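Structural overview for review
Given next are the chains, with one letter for each unit.
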Amino acid sequence: LAHCIGLAWVATTVGELLTELLPAQNLVPDDWLSRGLALLMLMLFSGIQLLGVKAGGASQELLSLAKAVAFLGLAAASFLLPPTFPLNAADLPEAAMPAGPALIFGAVLALQAVITTFDGWASPVYFAEEFSEPGRDLPRSLIGGVVAVLALYLLINAALLHVLPLQSLGAASLPAADAARSLLGATGAGVITLVALVSLLGLINTVVMAAPRILFGLGRDALMPAALAQVNTGGTPVTALLCTATASAGLVLAGSFDHLLGMGAFLYVGLPLGGIAAQLWLRRTQPDLLRPYLSWGYPATPLLVGAVSLAFLIGALLSDTADSLLALALVGVGGLAGELWRISAE
């Protein structure tokens, strides 16, 4: 469900960006046109995955390379090109610094975007069975992926700070577009739209690859219908992929970007918190269980991450109550459906 929510809000964003690039038309309202384009993107990348594991992997490598080149190009332009249309901080309205609860709630809402940025760090786990040497490749993928994303986004932020006054960054809804506009004028916004599209298409492909692996594992372990464990000749779990695409399409039609982002961020933090609780419980009840991957600094590290995660969830419940409760409701419905299936299977 968390993956499907994330897939839905990314596809929704792609649909909105593509709508902006299309020539003006009055046949279909922009809202429905963007949703139609979002559904088309889901169908396109689901079709690529249906071709098999090799096609899916090749498309991901190509999109990841294009994404890295695009971001590095933006950073290089920010440092090397002189601002053609510089933004003057004196022309911007004075922003009041929030205090007290308003500051806390603002920080929680800002963290929603940060959390969704890094959430894909655990995606290699879903492909571990398909690695030739998982004991070596899995830690490299997990740690290397986080470090690469961290370095890339720190570089982008440094580039934005180099081009834009800090005050304009605080007021901007899309700082990268403002920076490109400062460097390239009117064409800058179009450049950023293309960079964003490349990045988001790669993310859609990643989630369409990863999410069905979860359903595949549940089906194979008899926790959900066995049909979810069926794969085609290319190695793709077909039924699981269709379920993922269908659920994501339903969320595209039902929710807006802001609501999907709020729901997704809540689940992205809540699910690892459940994993931390399971780790602490298993260490206590099954101390002799084989553990090829050790938790550095245990028990301090999971307790620290768990405390911060719990604080975020409480803050999200207070500042974005409706979306947080809706995320919990979706999990509840999914858990109830799984329990009913288990009872019927017995």
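What counts and how
Residues numbered from 1 in each chain as written. Predicted model: local features only at pLDDT ≥ 70, side-chain atom pairs only at ≥ 80, totals over all residues. Heavy atoms only, no water. Helix = DSSP H or I, 4+ residues; strand = E, 2+ residues; numbered from the N terminus. Contact = heavy atoms within 4.5 Å. Areas by Shrake-Rupley, 256 points an atom, 1.4 Å probe, with all protein chains shown as cover. Expected span 1.5 Å × (residues − 1). Buried < 20%, exposed > 50% of the residue type's maximum accessible area, 1.4 Å probe, protein only. Patch = residues over 30% accessible without salt bridge, like charges linked within 9 Å, V, L, I, M, F, W, Y side chains within 5 Å. Salt bridge = Lys/Arg side-chain N within 4 Å of Asp/Glu carboxyl O. Axes fitted to C-alpha atoms, helices over the stretch in contact; angles between N-to-C directions. Parallel < 35°, antiparallel > 145°, perpendicular 65-115°, else oblique. Left-handed = near helix turned anticlockwise from the far one by under 90°. Nonpolar A, V, L, I, M, F, W, Y, C, P; charged D, E, K, R; others polar. pLDDT = per-residue confidence, 0-100. Phe/Tyr/Trp six-rings, centres within 6.5 Å; stacked < 30°, edge-to-face > 60°. Lys NZ or Arg CZ within 6 Å of the ring centre and 35° of its normal. Core = buried A, V, L, I, M, F, W, Y, C linked by side-chain atoms within 4.5 Å.

Within the protein, the secondary structure is distributed over twelve helices and zero strands. Helices (α) and strands (β) of the protein occur, in sequence order from the N terminus, as α-α-α-α-α-α-α-α-α-α-α-α. Put simply, 72% of the contacts in the protein that link residues at least 6 apart link residues at least 24 apart. Carbon and sulfur atoms form 73% of the exposed surface of the protein, whose accessible area is close to 19300 Å².

Taking 1.5 Å per residue as the helical rise, helix 1 (residues 2–21) with its 20 residues ought to reach 28 Å, and the 29 Å between its terminal C-alpha atoms agrees with that figure. Counting buried residues along helix 1, 16 of its 20 residues qualify, which places the element largely inside the surrounding structure.

As a further point, take a nonpolar patch on the surface. Residues Ile 104, Phe 105, Leu 310, Ile 314 and Leu 318 make up a contiguous nonpolar surface patch of roughly 480 Å² in combined accessible area. Secondary structure elements with two or more residues in the nonpolar patch: helix 4 (101–118) and helix 11 (300–319). When you line up the elements, Leu 318 lands in helix 11. We classify Leu 318 as exposed; its relative accessible area is 58%.

A few words on the packing of helix 3 (residues 53–80) against helix 8 (residues 187–220). Think of two packed helices as two axes; the pair is described by the angle between the axes and how far apart they sit. Axis separation between helix 3 and helix 8 bottoms out at 9 Å; the angle between their running directions is 150°. Judged by the angle between their axes, helix 3 and helix 8 are roughly antiparallel. Of the two elements, helix 3 crosses helix 8, and the hand of that crossing is left-handed. On helix 8, the residues touching Val 53, Gly 56, Gly 57, Ser 59, Gln 60, Leu 63, Ala 66, Lys 67, Ala 70, Phe 71 and Leu 74 of helix 3 are Ile 192, Val 195, Val 198, Ser 199, Leu 201, Gly 202, Leu 203, Asn 205, Thr 206, Met 209 and Arg 213. Classifying every residue of the contact of helix 3 with helix 8 by side-chain character gives twelve nonpolar, eight polar and two charged.

Attention shifts here to the side chain of Ser 248. Position of Ser 248 among the secondary structure elements: in helix 9 (residues 238–254). The contact partners of Ser 248, leaving out residues within four places of it in the chain, are Cys 4, Leu 7, Ala 8 and Leu 42.

Bringing the environment of Leu 218 into the picture now. Relative to the elements of secondary structure, Leu 218 occurs in helix 8. On the basis of relative accessibility, which here comes to 27%, the residue Leu 218 falls in the partly exposed class. Taking the C-alpha atoms as reference points, Leu 218 and Ala 229, eleven residues apart in sequence, are found 7.8 Å from one another. Those residues in contact with Leu 218 that lie beyond four places of it in its chain are Leu 223 and Met 224.

Turning our attention to the confidence of the model for the protein. Here the protein averages 83 in pLDDT, while 92% of its residues score no lower than 70. Ranking the helices and strands of the protein by mean pLDDT puts helix 9 first, with 92, and helix 6 (residues 166–171) last, with 72.

Let us look at helix 5 (residues 134–163). Here helix 5 spans 42 Å end to end across 30 residues, near enough to the 44 Å set by a 1.5 Å rise per residue. Within helix 5, the full set of buried residues consists of Asp 137, Leu 138, Leu 142, Leu 152, Ile 156, Ala 159, Leu 160 and Val 163.

Further remarks concern the pattern of salt bridges. Tallied over the full model, the rule gives three salt bridges. A salt bridge links Glu 133 to Arg 136, with the shortest nitrogen-to-oxygen separation between them at 3.7 Å. According to the relative accessible area criterion, Glu 133 is partly exposed, its value standing at 41%. Overall, the relative accessible area of 37% leaves Arg 136 in the partly exposed class. The salt bridge partner of Arg 136 is Asp 137, with a shortest N-O separation of 2.9 Å.

Tallied over the full model, the rule gives one aromatic pair. Ring centres 5.9 Å apart and planes at 50° place the aromatic pair Phe 71 and Tyr 153 in the tilted group. Here Tyr 153 lies in helix 5 and Phe 71 lies in helix 3, a separation of 82 residues in the sequence. For Tyr 153, a relative accessible area of 30% corresponds to the partly exposed category. A cation over a ring is seen here: Arg 35 above Trp 32, with NZ or CZ 5.9 Å from the ring centre. Directly above the aromatic system of Tyr 298 lies the positively charged group of Arg 283, at a separation of 4.0 Å from the ring centroid.

This brings us to the nonpolar core. In a soluble, globular protein the nonpolar side chains are often hidden away together inside. Formed by 38 residues in total, the largest nonpolar core has its most connected members in Ile 5, Trp 9, Ile 204 and Phe 312. Going through the elements one at a time, helix 1, helix 2 (30–50), helix 4, helix 8, helix 9, helix 10 (257–285) and helix 11 are the ones with two or more residues in this core. With ten residues, the top contributor of residues to this core is helix 1. One finds Ala 176, Ala 179, Ala 180 and Ile 192 within the second-largest nonpolar core, a separate group that totals 18 residues.

In this section: the side chain of Thr 12. Among the secondary structure elements, Thr 12 is positioned in helix 1. The residues contacting Thr 12, other than those within four sequence positions of it, are Ala 38, Val 252 and Leu 260.

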